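# Structure assessment
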Amino acid sequence: MSNRFLLRDALAEFPPYVPGKPPVACPGLTPYKLSSNENHLPPLPGVLDAATAAAAIPANYPDPTAAALVADIADRLDVDPAEVVPGAGASEILSALTNITLESGTSVVYPWPSFEMYPILASARGAEKRPVDLMPDGRHDFAGLAAAIDDTTRLVLLCSPNNPTGPTITDAELQGFLAEVPDNVIVVLDEAYLEFATEAADGLAARKKHANLVLARTFSKAHGLAGLRVGYGIADVEIASGMRQVIAPFSVTAGAQAAARESLARVDEVAVRAKEIAAVRDRFAHDLRELGLSVPDAQGNYVWIALDPEAAVAFEGECAKQAVAVRRLQGGVRVSIGPDEALERVLNVAASL
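Structure report, in brief. Quick caveat, the model's predicted, so the values are computed rather than measured.

Cut-offs used in this document
- Residues numbered from 1 in each chain as written.
- Predicted model: local features only at pLDDT ≥ 70, side-chain atom pairs only at ≥ 80, totals over all residues.
- Heavy atoms only, no water.
- Phe/Tyr/Trp six-rings, centres within 6.5 Å; stacked < 30°, edge-to-face > 60°.
- Helix = DSSP H or I, 4+ residues; strand = E, 2+ residues; numbered from the N terminus.
- Buried < 20%, exposed > 50% of the residue type's maximum accessible area, 1.4 Å probe, protein only.
- Patch = residues over 30% accessible without salt bridge, like charges linked within 9 Å, V, L, I, M, F, W, Y side chains within 5 Å.
- Areas by Shrake-Rupley, 256 points an atom, 1.4 Å probe, with all protein chains shown as cover.
- Salt bridge = Lys/Arg side-chain N within 4 Å of Asp/Glu carboxyl O.
- Pairing = 2+ DSSP bridges.
- Axes fitted to C-alpha atoms, helices over the stretch in contact; angles between N-to-C directions.
- Contact = heavy atoms within 4.5 Å.

## Some thoughts on the packing of aromatic side chains
- A complete count under the given rule lists eight aromatic pairs for this structure.
- With 6.4 Å between their ring centres and 70° between their planes, Y17 and F115 make a pair best called edge-to-face. Of this pair, Y17 sits in the segment before β1 (32-33) while F115 is found in the loop between β3 (107-112) and α4 (117-124), placing the two residues 98 residues apart along the sequence.
- The buried category is assigned to F115, whose relative accessible area is 14%.
- The interplanar angle of 50° and the centroid separation of 5.8 Å between the aromatic rings of F219 and Y232 together place this pair among those described as tilted. Taken as a pair, F219 in the loop between β7 (213-218) and β8 (231-234) and Y232 in strand β8 lie far apart in primary sequence, 13 residues in all.

## Quick notes on a nonpolar patch on the surface
- Nonpolar side chains collect at one region of the surface, where F5, L7 and L11 lie side by side and expose about 280 Å² of accessible area between them.
- Of note, L11 is situated in the segment before β1.

## Things to note about the sheet that holds β8
- Strand order in the open sheet formed by seven strands is β2-β8-β7-β6-β5-β3-β4, with mixed pairing between adjacent strands. Of all strands in the sheet, those bounded by a partner on one side alone are β2 (84-87) and β4 (128-133). Ignoring strand direction, the axes of neighbouring strands in this sheet form an average angle of 20°.
- As paired strands, β7 and β8 are joined by four bridges and run antiparallel to one another. Residue pairing in the sheet places T218 in a bridge with G231 of β8.
- Contacts from helix α3 (residues 89-101) reach β2, β5 (153-159), β6 (186-190), β7 and β8, with the element oriented near 150° to β7.

This is the structure we're talking about:
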């Protein structure tokens, strides 16, 4: 990897995470970033005030256990506080889980395409990556996922709604799959976009039957706190204890903890806003399909347009000319839900192509 320093060879096996591109400035057009699945609505009343007040003395460390936030989450979800693990976004929860399970000689199974951090984290731990292609409709191939598990498998990653394609996992799919996974293999259900879904598996109910199931959730998306970096995992106390060992101390700032608590107290309002975004998403997906594009069932705050590589490049380029940034990935383009004007420009591009 380096001729000057003793860096790990594994660094050559994966590219760094590439965030969504910013929009290109175009004269006379308001730029819109639809490439990072950010919540475009303003913060809920009181959230910024709570964050600002908590961060008034930046010289002080935050509560390393985020005890008040953990208690609020546990009370809201009716779980034991010992089962709640806070972290700097769902990404840190996923990182902790790979850190306590994966090493050289082990393997991790996950759907693909899905969240881009999955293969990055697996490679960083020196584990064998076992991506399983999605079904043609963008859903998980559970038969394929089960077949990929063997004695070396320590971790299975699931994503519902799946990022970037959009479909959710059903209760029947989740329960049927968990019944096939060995009890000592940890299965993670990444629910970063759960609040936008109109129908999805009940992960909390499934956890009561399967101690090896871990839920990864975040305040980044529906709560609109992506910039503050706060998420959490729900796990068996033994798994949760291991996760706390590897998560960096003080990773969730005082401002983030306070903002998350205030937003959680307003969770009914968060749910209303998520439904509003979902309604716009559904109309947008319908309009794209009416233009003849292939759009899977969309359940997050984004839609996936399946395109061949050449068409995806052209689509992204034409959107850029309209000062709209979208996300081009393997197999197509993902468009985050944003203001009406931004989505209208994307529809115009779709119609022109």
